[in-house]
Amino acid sequence: MTNKDDAIAAALDADDREFLKSLEGDRGLFQQIGDTWKGPLGGWSKLVFVMAVVFGLLLLFTIWQVAHTRDPVEHTLWAIAALAVLVIQGFTKQWLFSRMNMLTVLRELKKLQVQVALLSEERER
């Protein structure tokens, strides 16, 4: 650890250490997805998650249709539909993962904010 890290650690009281320790834990994929369901955009995140599941099932259906159709025109239309659903599902997942990334960055910023505030308090003493 550097001198700054040592100074920050010395400035922490027990509650602050516990709070920072809770922020440091590894967060798995499912826990991060669950975190997106809270807060001001939680309803939108739930909707996008449901849409991603629906589009995933729709994608499986369209692929099954592509594999089982014999008419060339119908086969082509199902293949185009499968590609369209794949792109739409990609966009919904991109939104969801961008939200997860944003919450991770906010979490790190909050941790830094607490550490800087505590170090500032220690310097004032």
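Placed above this text is the structure.
Position numbers for residues start from 1 in each chain and track the written sequence from start to end. Note on the predicted model: pLDDT of at least 70 is required for a residue's local features to be given, and 80 or more for side-chain atom pairs to be given and counted; whole-chain, interface and lining totals, by contrast, use all residues. The basis for every side-chain value is the complete set of non-hydrogen atoms in the structure, without hydrogens or water.

**Remarks on the overall build of the protein**
A tally of helices and strands in the protein yields five helices and zero strands. A helix here means a DSSP run of H or I that spans at least four residues, while a strand means a run of E at least two residues long, and both kinds are numbered starting from the N terminus. Secondary structure elements of the protein, listed N to C terminal, follow the sequence α-α-α-α-α. Think of it in three bands: with a 1.4 Å probe and only protein chains considered, a residue is buried below 20% of the maximum accessible area for its type, exposed above 50%, and partly exposed in between. Here the protein holds 125 residues, and the buried ones make up 24% of them. Whether two residues are in contact is decided by their heavy atoms: any pair within 4.5 Å suffices. Taking as baseline every contact in the protein between residues at least 6 positions apart, the subset at least 24 positions apart corresponds to 69%. For the area figures, the Shrake-Rupley method with a 1.4 Å probe applies, and any residue is considered shielded solely by the protein chains shown. Within the structure as shown, the protein displays about 9,100 Å² of accessible surface, and the carbon and sulfur contribution to it stands at 66%.

**Things to note about helix H4 (residues 42–68)**
Multiplying 1.5 Å by the residue count of a helix minus one yields the expected span of that helix. An ideal rise of 1.5 Å per residue puts 39 Å on 27 residues; H4 measures up with 39 Å between its terminal C-alpha atoms. Within H4, the full set of buried residues consists of Gly42, Ser45, Val48, Ala52, Phe55, Gly56, Leu59, Thr62, Gln65 and Val66.

**Details of a nonpolar patch on the surface**
Only residues whose relative accessible area exceeds 30% and that form no salt bridge enter a patch; like-charged residues are grouped when within 9 Å of one another, and nonpolar side chains (Val, Leu, Ile, Met, Phe, Trp, Tyr) when within 5 Å. Any carboxyl oxygen of Asp or Glu that lies within 4 Å of a side-chain nitrogen of Lys or Arg is treated as forming a salt bridge with it. Together, Leu41, Trp44, Leu47, Met51 and Trp95 give the surface a local cluster of nonpolar side chains, amounting to about 470 Å² of exposed area. Among the elements that line the nonpolar patch, the one with the most residues is H4, at three residues. Of note, Met51 is situated in helix H4. Judged by relative accessible area, which is 31%, Met51 ranks as partly exposed.

**Some words on the packing of aromatic side chains**
Two aromatic rings from Phe, Tyr or Trp, using only the six-membered ring of Trp, form a pair when their centres are within 6.5 Å; if the ring planes differ by under 30 degrees the pair is stacked, by over 60 it is edge-to-face, and anything between is tilted. Evaluated as defined, the whole model comprises two aromatic pairs. When the centroid spacing of 5.2 Å and the interplanar angle of 70 degrees are considered together, the rings of Trp37 and Phe49 count as edge-to-face. In this pair, Trp37 sits in the loop between helix H3 (29–36) and H4 while Phe49 sits in helix H4, placing the two residues twelve residues apart along the sequence. Judged by its relative accessible area of 32%, Trp37 falls in the partly exposed class. Here the aromatic rings of Phe61 and Trp78 are separated by 5.6 Å at their centres, their planes lie at 85 degrees, and the arrangement is edge-to-face. Remark: Trp78 occurs in helix H5 (residues 72–124) and Phe61 occurs in helix H4; sequence separation between them is 17 residues.

The quantities given are spatial measurements derived from coordinates; they are silent on function.
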